[in-house]
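As a plain string of letters, each chain reads:
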Amino acid sequence: MNIALFSDSYLPTKSGVVTVVIQLKRILETMGHHVVVVTVSAGKKYVNPEPAFEENVLRVKSIKAPVGDGQFIGRPDVKDIVKYLKSHNIQIIHSHTEFSMGKAAIKAGKIMGIPVIASTHTMWEDYYRYYLKLGCLIPRSIIRKVVRKVYKDFYAFINVSEKARNYFKMPFMLPSTPSAVIPNATDSEKFASKLCSPEEKSALRKKLGISENDTVLLYVGRVVEEKRLSELYDIASSVVRQKENVKAVFIGSGAMEKPLRERCRKEKLEDKIIFTGFIDWTKLYAYYAMADIFITASLSEMHSMTILEALILEKAVVCRKDTSFSDTVFNGVNGYLADTDLEMHSILLGLCGKKDELARLGKEGGRISRGFSLELHGKRTLAFYEKVLEKFPSPVTDEDLKCAVSFTL
């Protein structure tokens, strides 16, 4: 099969969507399919140190986005895109964006007479107020109209979680657009194969000022307001104050990093709360390995990649209750889902120092993570494509897609 993936975000930008696109391209190619990526340019100075990631990648003219870190807005020439897609005999377009590149995908698909589907990665109702000027003054109903408009022309949706599917099935969204749930996955073999020896864990803990007896709370992700980092910091700072042998490590960068570092300094907690800044994905495994509990208070996820990584490396997870975690975190099995920040704080106080219990939760997490392998994700996505191509241009149904995806289990 010849497949085109469209995205408004790609290397060198680091994000969950970029990871999804790269991993999907790799696994589909491993399965013998031909995959191209159509995406934004990345600035004149950018030279990819890994040329393999630029193979079969078309970058369109772009301008730097006024919001976001290292983000660009594509200004695609649809004629050039169609010419490129035809040269690769593309049969189906899979968009990982609903904006400029997503619109280009829909136009190209219409010209070529091929189906264009989309993955629903972002809950814009949870994001817009953080990124738009005076966003807090914009009614939620306006955002819903915008989201509905930009998604309405896609043939079908791949929802990354039940949360995403439920949202798009609401009467005010696009309930008639057929869809199926295919959860995100992560490259467990590549991630977990980098075993971290006890010596390496000890060396990393020592480097961070963490003792062998400390329980380590770990957050990995963008350090931005919509991830509720202020609230997570409040929870973690209270726990480390009340528990002597507990440290919290925040990995990632973003607009909230500087103010939170300043808070930490003013509160004289620098020896208890550590901010590392951005850590390359290839080195993250060691940080997960040396930690004890993965934490997040985010309520804006669609399907968290970092939680999958934590499960792969057998870490207990404590997070706020949200339907995006309904298939990855189970109360008392591999972690805990807290109804409130106060409950999350209480759960962490109860778990810190209980090495045997944390090991049990972590082991169960490792078992659960095997249901989110990259190979299974590739098979499910391919089954979705095949059903779409079988039905197109006639309508496909939810049941058609659900059955196709389910048969890959």
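Residues numbered from 1 in each chain as written. Predicted model: local features only at pLDDT ≥ 70, side-chain atom pairs only at ≥ 80, totals over all residues. Heavy atoms only, no water.

## Quick notes on the sheet that holds strand 10 (residues 215-220)
With respect to topology, six strands assemble into an open sheet ordered 12-11-10-13-14-15, the strand pairing being parallel. The sheet terminates laterally at strand 12 (273-277) and strand 15 (335-338), the two strands that pair on one side only. Each strand axis lies, on average, 20° off the axis of its neighbour in the sheet, ignoring direction. By the bridge criterion, two bridges tie strand 10 to strand 13 (residues 293-296) in an arrangement that is parallel. Bridge pairing in strand 13 links L217 to I293. The sheet strands contacting helix 9 (residues 229-242) are strand 10, strand 11 (246-251), strand 12 and strand 13, and the helix crosses strand 11 at an angle near 160°. (Pairing = 2+ DSSP bridges. Helix = DSSP H or I, 4+ residues; strand = E, 2+ residues; numbered from the N terminus. Axes fitted to C-alpha atoms, helices over the stretch in contact; angles between N-to-C directions. Contact = heavy atoms within 4.5 Å.)

## Re the pattern of salt bridges
Throughout the structure, instances matching the rule amount to 23 salt bridges. Linking D341 and R320 is a salt bridge whose minimum nitrogen-to-oxygen distance equals 2.8 Å. One end of the pair, D341, is in helix 13 (residues 341-351); the other, R320, is in strand 14 (residues 316-320), with 21 residues separating them in the sequence. With a relative accessible area of 11%, R320 lands in the buried category. A salt bridge links R360 to E357; its shortest N-O distance comes to 2.9 Å. Highlighted residues: R360 and E357, both in helix 14 (residues 355-369), separated by three residues, approximately one helical turn. Salt bridges linked by common partners bring D234, R241, R263 and E267 together as one network. (Salt bridge = Lys/Arg side-chain N within 4 Å of Asp/Glu carboxyl O. Buried < 20%, exposed > 50% of the residue type's maximum accessible area, 1.4 Å probe, protein only.)

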